[in-house]
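# Tertiary structure, described
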Amino acid sequence: MSHSDPSCIFCKIVAGQIPSRKAYEDEEILVFHDINPWAPVHLLIIPKTHIVSLAHVQPEHQALLGRMMLLMNKLAVEHGCNPYPDGGFRIVSNTGREGGQEVHHLHFHLMGGPRPWARG
Ligand code: 5GP
Ligand code: ZN
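What comes next is a walk through the structure. Here the residue index of a chain counts from 1 through its sequence in written order. Chains carry letters and ligands carry numbers; both start at the beginning, A for chains and 1 for ligands, and go up in the order they are written. Predicted model: local features are reported for residues with pLDDT of at least 70 only, side-chain atom pairs are reported and counted for 80 or more only, and whole-chain, interface and lining totals are derived from all residues. Hydrogens are left out, water is left out, and the side-chain values use all remaining heavy atoms of the structure.

### Focus: the packing of aromatic side chains
Any Phe, Tyr or Trp ring, taking Trp's six-membered ring, that has another such ring centre within 6.5 Å forms a pair; planes under 30 degrees apart are called stacked, those over 60 apart edge-to-face, and the others tilted. Counting across every chain of the model gives 1 aromatic pair. Seen in terms of ring centroids, phenylalanine 10 and phenylalanine 32 are 5.4 Å apart; in terms of plane orientation they differ by 85°. Their pairing is edge-to-face. With phenylalanine 10 in helix H1 (residues 9-15) and phenylalanine 32 in strand E2 (residues 29-33), this pair connects stretches of sequence that are 22 residues apart. Considered together, phenylalanine 10 and phenylalanine 32 belong to a single accessibility category, that of buried residues. Note on conventions: DSSP H or I runs of at least 4 residues are helices, E runs of at least 2 residues are strands, and numbering of each starts at the N terminus. When accessible area is computed with a 1.4 Å probe and restricted to protein chains, residues below 20% of their type maximum are described as buried, those above 50% as exposed, and intermediate ones as partly exposed.

Now the structure itself:
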């Protein structure tokens, strides 16, 4: 079941209340470009439903998480990452305050493209 938090910035992006540069969308998943990219390719992969973080995932989310993982390589290559093994990409999911999480809606950063990167 889909769940939304009206005060959550990523739920507002899912709802179209805040604009984003979309890279992929299906019924359950939205992918858009990070507004402050660390790398030539910097995508955010999010579930449309409001899950707070990886500390909050449940067995019912297993298929959704698997689908997100299975999308990553295709998204990377389609959006400008060079292919594995000379290219590749980095996946990061900051979780909680000490994990550096600023937006409390589960997201995977997908970063890649030719070095050097702005950060990371
Ligand atoms: P976190 O630190 O929570 O892992 O990362 C949140 C990410 O969301 C940051 O990289 C930040 O640049 C990005 N971000 C925050 N607000 C917006 C927004 O309104 N639009 C887009 N496209 N990215 C955002
Ligand atoms: Zn949310």
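Moving on from the model shown.
### Remarks on unusual backbone geometry
Following tyrosine 84, the chain continues to proline 85 via a peptide bond in cis, the omega torsion being 10°. Here proline 85 is to be found in the loop between helix H2 (62-78) and strand E4 (89-92). For the bond from arginine 115 to proline 116, the omega torsion is 5°, close enough to zero to count as cis. Counting through the fold element by element, proline 116 comes out in the segment after strand E5 (108-112).

### Regarding the site of ligand 1
Near, as used in this document, describes a residue that has one of its heavy atoms within 4 Å of the molecule or strand being considered. The local shell around ligand 1 holds 16 residues, among which Asp34, Asn94, Glu102, His107 and His109 are the closest. Whenever a nitrogen or oxygen atom comes within 3.5 Å of another N or O atom, the pair is scored as a polar contact, on the condition that within protein one atom can donate a hydrogen and the other can accept it, and that pairs from neighbouring residues in sequence are kept only if both atoms are in side chains. Between ligand 1 and isoleucine 35 there is a distance of 3.3 Å, counted from a nitrogen atom to a backbone nitrogen or oxygen. Measuring from an oxygen atom of ligand 1, one finds a side-chain N or O atom of histidine 109 at 2.8 Å. The cavity that encloses ligand 1 is the largest pocket. Breaking the shell around ligand 1 down by element, the ones donating at least two residues are H1 and E2. Among the elements that line the shell around ligand 1, the one with the most residues is H1, at 3 residues. In the shell around ligand 1, the residues fall into 7 nonpolar, 7 polar and 2 charged. Definitions used throughout: a 1 Å grid over protein atoms alone; a cavity as a set of points that fits a 1.4 Å probe which cannot get out; a pocket as an open set with protein on both sides within 12 Å along at least five of seven lines; a lining residue as one with an atom within 4 Å of a point. A cavity or pocket is said to hold a molecule if more than half of that molecule's atoms lie within 2 Å of its grid points. Side-chain classes are defined by residue name, with Ala, Val, Leu, Ile, Met, Phe, Trp, Tyr, Cys and Pro counting as nonpolar, Asp, Glu, Lys and Arg as charged, and the others, Gly among them, as polar.

### Brief notes about the sheet that holds E2
Strands sit in the order E1-E2-E3-E5-E4 across an open sheet of 5 strands; the sheet is antiparallel. Strand pairing shows two members of the sheet lacking a second neighbour, strand E1 (22-25) and E4, which therefore form its edges. Direction aside, the axes of adjacent strands within the sheet are offset by 20° on average. A pair of strands is treated as paired once DSSP finds two or more bridges between them. Strand direction decides the pairing type here: strand E3 (residues 41-47) and E5, joined by 5 bridges, are antiparallel. Residue pairing across strands places leucine 43 opposite leucine 110, the latter belonging to E5. Simply put, an axis is a line fit to the C-alpha atoms, just over the touching stretch for a helix, and the angle between two N-to-C directions goes from 0 to 180 degrees.

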